[in-house]
Amino acid sequence: MGADRLVIDLENISFAYPDGRDVLSGLSFKLDKGARAGLIGPNGSGKTTLLHMIMGLIPPSEGAIRLFGREMRSEKDFHESRKNIGLVFQNPDDQLFSPTVLEDVAFGPLNLGAGPEEARDIALKTLKDLHLTGFEDRISYRLSGGEKKLVALATVLAMDPAVLVMDEPTTGLDEKTNDRIVSILNTLDKTLLIVSHEYNFLARTTNDFYGMRDGRIFYAGESATLHTHYHAHAAGEVPHKHI
Amino acid sequence: MGADRLVIDLENISFAYPDGRDVLSGLSFKLDKGARAGLIGPNGSGKTTLLHMIMGLIPPSEGAIRLFGREMRSEKDFHESRKNIGLVFQNPDDQLFSPTVLEDVAFGPLNLGAGPEEARDIALKTLKDLHLTGFEDRISYRLSGGEKKLVALATVLAMDPAVLVMDEPTTGLDEKTNDRIVSILNTLDKTLLIVSHEYNFLARTTNDFYGMRDGRIFYAGESATLHTHYHAHAAGEVPHKHI
Amino acid sequence: MLSETFAFGDSPIHRLDPRLRVVLAGLFSILTAILNRFPAAFFAVFLALVLIGASRLPVRQVLSRLAVVNGLVLFIWLVLPWTFEGTPAVEIGPLVGSWEGIRLCALITLKSNAIILALIALVATMPVATLGYALHHLRLPDKLVYLLLMTYRYIFVIETEYQQLARAARIRCFKPGTNLHTYKTYAYMVGMLFVRASARAQRVHQAMVCRGFSGKFYCLHEFAFKSSDWAWSSAMGISLIVLGGLEWAPIV
Amino acid sequence: MHISEGVLSAPVLAGGAAFAVAGIAVGLKKLDNDRIPQAGILAAAFFVASLVHVPIGPSSAHLILNGIVGLLLGWAAFPVIAVALVLQAILFQFGGITSLGVNTIIMAGPAVLGYYLFTPFIARSHTTAMAGAFACGFTAVLVSALIAAAALMLTGEAFLEVSVALVAAHIVVMIIEGIITMFCVAFLKKVQPSMLQIG
Ligand SMILES: Nc1ncnc2c1ncn2[C@@H]1O[C@H](COP(=O)(O)OP(=O)(O)OP(=O)(O)O)[C@@H](O)[C@H]1O
Ligand SMILES: Nc1ncnc2c1ncn2[C@@H]1O[C@H](COP(=O)(O)OP(=O)(O)OP(=O)(O)O)[C@@H](O)[C@H]1O
Ligand SMILES: [Mg+2]
Ligand SMILES: [Mg+2]
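Note that the structure is predicted; figures quoted are calculated from it, not measured.

The rules behind the values
Residues numbered from 1 in each chain as written. Chains lettered and ligands numbered in written order. Predicted model: local features only at pLDDT ≥ 70, side-chain atom pairs only at ≥ 80, totals over all residues. Heavy atoms only, no water. Helix = DSSP H or I, 4+ residues; strand = E, 2+ residues; numbered from the N terminus. Rg over C-alpha atoms; globule rule 2.2 N^0.38 Å. Buried < 20%, exposed > 50% of the residue type's maximum accessible area, 1.4 Å probe, protein only. Contact = heavy atoms within 4.5 Å. Areas by Shrake-Rupley, 256 points an atom, 1.4 Å probe, with all protein chains shown as cover. Lys, Arg positive; Asp, Glu negative; His and termini not counted. Charge placed at Lys NZ, Arg CZ, Asp CG, Glu CD. Near = heavy atom within 4 Å. Polar contact = N/O pair within 3.5 Å; in protein donor to acceptor, adjacent residues only side chain to side chain. Nonpolar A, V, L, I, M, F, W, Y, C, P; charged D, E, K, R; others polar. Donors = N, O, S within 2.8 Å, 3.2 Å for Na, K, Ca; no water. Expected span 1.5 Å × (residues − 1). Axes fitted to C-alpha atoms, helices over the stretch in contact; angles between N-to-C directions. Parallel < 35°, antiparallel > 145°, perpendicular 65-115°, else oblique. Left-handed = near helix turned anticlockwise from the far one by under 90°. Disulfide = S-S within 2.5 Å. Pairing = 2+ DSSP bridges. Buried area = accessible area lost by both parts, 1.4 Å probe. Salt bridge = Lys/Arg side-chain N within 4 Å of Asp/Glu carboxyl O. Patch = residues over 30% accessible without salt bridge, like charges linked within 9 Å, V, L, I, M, F, W, Y side chains within 5 Å. Phe/Tyr/Trp six-rings, centres within 6.5 Å; stacked < 30°, edge-to-face > 60°. Lys NZ or Arg CZ within 6 Å of the ring centre and 35° of its normal. Domains from an automatic or database assignment.

### Re the overall build of chain C
Across its full length, chain C carries nine helices and two strands. What you see in chain C, going N to C, is helices and strands ordered as α-α-α-α-β-β-α-α-α-α-α. The C-alpha radius of gyration computed for chain C amounts to 23 Å, which surpasses the reference 18 Å derived for 252 residues by more than 25%, pointing to a less compact arrangement than a globule. A total of 252 residues make up chain C; the buried ones form 58% of that total. Sequence separation of at least 24 residues holds for 75% of the intrachain contacts in chain C that already meet a minimum separation of 6. Accessible surface for chain C amounts to roughly 10,400 Å². Of this, 67% is attributable to carbon and sulfur atoms. The positive charge centre, built from 23 side chains, and the negative charge centre, built from 12, are 12 Å apart in chain C.

Here it is, written out as structure tokens:
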């Protein structure tokens, strides 16, 4: 567990939005290469803020961010690190701005210096891997909610990052799309950090859980310490899964 | 169970958006006065479309809509029925269009013919009932997601409709806000129709479940037929509820 | 990020009746805009500074707002004195600056700054919503007031949407430059803003219809004219008459 | 693009205000109450989009976008642009009260002109539409600059060179606005053609 195995290393991070209240205060968090971690916390506890900070979109007011063992100081550092960390936004509508799916997925590779032909090939291959073949000429804006989430994931995977960070990948999605995302995530060989309100989803995709409270992250348990209990459930004909 | 007890009565409704695919096809659905019904269905199955149709925002291509025993034929009919059926939209930012909370909540009563003084009083009382006293001069766009959902509910309750229709009232909300909405709904003496992906939430607020598939609604069971089963759950220190 | 920097404060000006502030700002601006004499222009700047003082706004932020106006004023300084025919005042190489040109530039500088300062003190000190209600009470057409309020309500939502799109581009390693890829990306983002704005407008209209909207707008807000408002009206009335006097009184 | 306070003469300010009031009146008349949310939220989008800075060599410029606003809104561009200018005056003090009329004409006049001149092209085949959209963005800024120059010249002949410099300084902006308008129209034609009133 040397420092070189740490992909994300946050030390004593504090942050408040201009209009006041502290969102993060004295937060520290480490994520190893190959780890699959879930993050749970109430609304407004600062999960999205934290992810944006890891991407270099929001600078911390205090503390140090080290990614892949290097301390991040400037926008230039982050420009490099973004090649290796991909973030899927909470809301796919915020992530997709090109007219067609193909253009959206090719956007990242183009920025990384791929030629138009190459970017196109990468995009098509990524779509194929996510079983989205045939979507390339669809208008991103008109996709259904679940399809948008999958395309948003494709736009990030097209850049082949070593670390995949996802902000509530399943909110508002039905069980089928949920299952599809679970199975995609479980075939990926990447370091994962997933924010979600859904215990169930996290239990199926990650190995460790973290919680967020009072501006800090705390370790909440391994998958092995999961416990089970009764819960109420709609029966009838509505299809649902028993785990 | 005479026809006079039916508040919503849809018969053989079909609908497709201009650009093609059928969304609703041969759908029939009845809702009794005082019923509390949940509606579950995959993304894009047409739940939001159906709710908008009940409100008269989208005309069906085929079939009949009867509300409170009267057949709805024109915009004028719906203008009347909207006084008695309140819809809480999926996205509160669409519902809160006034600069301040007070104006937003008073908007409905003003349109129903209340004078400015009276509308103001109704708005303040509604906010009080939802424990939102002190919010009246807050700027809508600065509210948090959960607060917005609660204010959106207030804007509808201020019109005191007999039927309350809600489109995914809890997506993206944490357990506390969730609980708050559950307890508010459980003190209301109104006919309820709630669309949600969360079985748990529906189990706590409604008596009957319906599912949606292939453009139709089917009855999926009573609360009494709910069954329980094991499910995986994150333990650790993260606070959560056992039901 | 958008914010209403000056709107929320506590000062004699913040407490003035918004209708009065709008009317005063209008009168002051119009009067100052048509001034031609220096004593009057200096007095206008003095009045504006008094208003800024009374509004107790953070000096540094007020100055940073002035930078924008003065950027344009600087542009005029760079061109006008050297091209205005008249009595030579300075020579730099082949360029000759005339007294008349310099005089005109100086006058413009004073007037621009006076008007902007008064605008900051009197109008930027109220939230746009309040301005909307004030304009409603001043008999502006309902439609225009509603358009203003609706625009105001949604600029924050749409600005957040834009920020998110810009972030989405950044996390995918987008680096703006002078090239087609960059302009295309911005054009798509702008196009997306318009499409989403339009779709949102449709939903908002539906939400309005669901709450019984039938084309009539109401205003809940009432304003009260207090004794301090009378005091300020008289003081400003007299000052504006003095300002007019400095401009139009025959020179003795 | 706007002319700041304290520059223009009384007759020019008054004339600008009168024309602007007329334009706004026409725009409001064509805008029924049901379309207020549409116009208001598009105005918000226009306001936000015009804060976007695009790089031009070592420098940058903010977008103007009155061409595309004209294509989207027609005459309603007048009240929409006036409202956006009021918000700019209050939130950033770009412009003020007395020059509001002139500035509305500078921005909205070319928008309406572009609407009449170029909408027919937008409906046609890809190449024609793209050329029309480029011309619309380019012309809108050009005409804006010319109106601004005219307002300055009417104020005093002394402003001749300032006016020339103003138009010259916007030539690159015209090209960029043309390109942005072109891609933006391409986007809208694919994603939501009904917004361009071409079904
Ligand atoms: N741009 C902003 N300006 C000011 N405050 C903000 C901004 N974005 C978020 N906040 C506030 O910061 C806090 C943390 O927000 P954040 O979005 O990080 O929470 P979250 O944990 O992701 O919540 P959720 O579960 O609802 O997504 C909240 O109180 C929120 O209101
Ligand atoms: N304005 C529209 N124009 C064209 N198609 C639309 C429009 N609105 C929705 N649709 C399509 O109609 C179908 C039903 O949409 P609807 O929003 O009713 O689904 P939903 O059941 O509410 O889904 P979700 O659970 O994601 O909210 C979807 O395929 C959607 O893409
Ligand atoms: Mg979040
Ligand atoms: Mg829906």
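Next comes the rest of the write-up.
### Here we look at the site of ligand 1
Residue and element names in this part refer to chain A. Among the 15 residues in the neighbourhood of ligand 1, the closest are listed as R21, N43, K47, T48 and T49. One nitrogen or oxygen atom from the side chain of Y17 is found 3.4 Å from a nitrogen atom belonging to ligand 1. With respect to ligand 1, the side chain of T49 contributes an N or O atom lying 2.5 Å from an oxygen atom. Burial of ligand 1 by the surrounding chains reaches 70%, relative to a free accessible area of 640 Å². For the shell around ligand 1, the per-class residue count stands at three nonpolar, eight polar and four charged.

### Observations regarding the coordination of the magnesium ion (ligand 4)
Around the magnesium ion (ligand 4), the protein contributes the donor atoms T48 of chain B (OG1) and Q90 of chain B (OE1), at 1.9 to 2.6 Å from the metal centre. On the criterion of sequence distance, the pair formed by T48 of chain B in helix α1 (residues 47-54) and Q90 of chain B in the loop between β6 (85-88) and α3 (92-95) is long-range, its members being 42 residues apart.

### Some remarks on helix α6 (residues 145-157) of chain B
Residues and elements named next belong to chain B. Compared with the 18 Å implied by 1.5 Å per residue over 13 residues, the 19 Å span of α6 between its first and last C-alpha is a close match. Most of α6 is tucked away: 11 of the 13 residues are buried. Those residues of α6 lying buried are G146, K148, K149, L150, V151, A152, L153, A154, T155, V156 and L157. Packed against the buried residues of α6 are β6, α3, α4 (101-111), α5 (116-129), β7 (163-167) and α7 (175-187).

### Focus: the site of ligand 2
Residues and elements named next belong to chain B. In the region of ligand 2, 15 residues are neighbours, and R21, G44, K47, T48 and T49 sit closest. Within the side chain of Q90, one N or O atom sits 3.1 Å away from an oxygen atom of ligand 2. Starting from 640 Å² of accessible surface for ligand 2 in isolation, the protein chains cover 70%.

### Quick notes on the packing of helix α4 (residues 101-111) of chain A against helix α5 (residues 116-129) of chain A
Residues and elements named next belong to chain A. Close contact between α4 and α5 brings their axes to 8 Å; oriented N to C, the two are set at 120 degrees. By the angle class used here, α4 and α5 are oblique. In this structure, α4 crosses over α5, and the sense of that crossing is right-handed. Packed against α4, whose contacting residues are V101, L102, V105, A106, P109 and L110, the element α5 presents P116, A119, R120, I122, A123, L124, T126 and L127 at the interface. Across the contact of α4 with α5, the residue classes tally to 12 nonpolar, one polar and one charged.

### Digging into the arrangement of the chains
Inter-chain contacts occur across five pairs of chains; the most extensive set of contacts lies between chains C and D. Nothing in chain B touches chain D, and the closest approach of their C-alpha atoms is 9 Å.

### Some thoughts on the state of the cysteines
Tallied over the full model, the rule gives zero disulfides over all chains. Here C184 of chain D stays free of any disulfide, with the sulfur of C136 of chain D as its closest cysteine sulfur at 11 Å.

### Re the packing of α6 of chain B against α7 of chain B
Residues and elements named next belong to chain B. Where α6 meets α7, the closest approach of the two axes is 10 Å, and the angle between their N-to-C directions is 15 degrees. Here α6 lies roughly parallel to α7, going by the angle between them. As α6 packs across α7, the resulting crossing turns out to be right-handed. The residues of α7 that touch α6, namely those facing G146, L150 and L153, are T177, R180, I181 and I184. Split by residue class, the contact of α6 with α7 holds four nonpolar, two polar and one charged.

### Overview of the sheet that holds strand β8 (residues 191-195) of chain A
All names here are of chain A. Read from one edge of the open sheet, six strands run β6-β7-β8-β3-β9-β10, paired in mixed fashion. Every other strand in the sheet has two partners, leaving β6 (85-88) and β10 (216-222) as the edge strands with one partner each. This sheet shows a mean twist of 20 degrees between the axes of neighbouring strands, independent of strand direction. For strand β3 (residues 36-40) and strand β9 (residues 208-213), the ladder comprises four bridges, and the chain directions are parallel. In the strand pairing of β9, A37 is matched with D208.

### Brief notes about the interface of chain D and chain C
The interface of chain D with chain C comprises 71 residues on the first partner and 73 residues on the second. Sorting the residues of chain D by area buried against chain C places I41, Q93 and F183 of chain D first, and these three jointly supply 11% of that buried surface. Here chain D is connected to chain C by zero salt bridges. For the pair chain D and chain C, the number of links is 10 residue pairs in polar contact (both at pLDDT 80 or more). Those elements that provide at least two residues to the side of chain D that touches chain C are α1 (10-29), α2 (36-49), β1 (53-56), α3 (66-73), α4 (77-92), α7 (160-169) and α8 (171-191) of chain D. Broken down by element, the side of chain D that touches chain C gets its largest block of residues, 14 residues, from α2 of chain D.

### Description of a nonpolar patch on the surface
Taken together, the side chains of V23, L27 and L138 of chain C make up a nonpolar region of the molecular surface, amounting to roughly 230 Å² of accessible area. Among the structural elements, L138 of chain C can be located in the loop between α6 (128-137) and α7 (142-171).

### With respect to the packing of aromatic side chains
Enumeration over the complete set of coordinates arrives at 24 aromatic pairs over all chains. Taking the centre distance of 6.5 Å and the plane angle of 80 degrees together, the rings of Y188 of chain C and F183 of chain D count as edge-to-face. With Y188 of chain C in helix α8 (residues 180-210) and F183 of chain D in helix α8, the pair connects residues from two separate chains. The buried category is assigned to F183 of chain D, whose relative accessible area is 13%. Joined through ring pairs, the aromatic side chains of F97 and F107 of chain A together with F174 and Y186 of chain C make up one cluster. Its guanidinium or amino end placed over the ring of F135 of chain A, R138 of chain A lies 4.8 Å from that ring's centre, counting from NZ or CZ.

### A few points about the pattern of salt bridges
Counted by the stated rule, this structure contains 38 salt bridges over all chains. When the shortest N-O distance is used, the salt bridge between D129 of chain B and K125 of chain B registers 2.9 Å. Residue D129 of chain B and its partner K125 of chain B are located together in helix α5, separated by four residues, close to a single helical turn. Through salt bridges with shared partners, one network takes in D94 of chain A, D94 of chain B together with E161, R196, R200 and R203 of chain C.

### Section: the side chain of S196 of chain B
All names here are of chain B. With respect to the secondary-structure elements, S196 resides in the loop between β8 (191-195) and α8 (199-205). Looking at S196, its side chain comes within polar contact range of the main-chain nitrogen of E198, at 2.9 Å. The residues contacting S196, other than those within four sequence positions of it, are L39, I40, E168, T170, F201 and L202.

### Notes on unusual backbone geometry
Residues and elements named next belong to chain A. Not every positive phi belongs to a glycine, and N12 is a case in point at roughly 55 degrees. Note that N12 resides in strand β1 (residues 6-16). On the basis of relative accessibility, which here comes to 42%, the residue N12 falls in the partly exposed class.

### Observations regarding the domain arrangement of chain C
Residue and element names in this part refer to chain C. Examined at the domain level, chain C breaks down into domain 1 (18-134 + 224-248) and domain 2 (141-210). The C-alpha centroid of domain 2 is placed 34 Å from the C-alpha centroid of domain 1. Of the residues lining the interface, six residues belong to domain 1; the matching set on domain 2 comes to four residues. Overall, the association of domain 1 and domain 2 removes approximately 390 Å² of surface from exposure, summing both partners, and the carbon and sulfur fraction of that is 86%. When the area that domain 1 buries against domain 2 is broken down by residue, the three leading residues are V128, A129 and G132, summing to 78%.

### A few points about the pairing of strand β2 (residues 95-98) of chain C
Residue and element names in this part refer to chain C. Examined bridge by bridge, strand β1 (residues 88-92) and β2 share four bridges and lie antiparallel to one another. Bridge pairing in β2 links P88 to S98. Linking β1 back to β2 in an antiparallel pair, the connection comprises two residues, with G93 at a positive phi of about 60 degrees.

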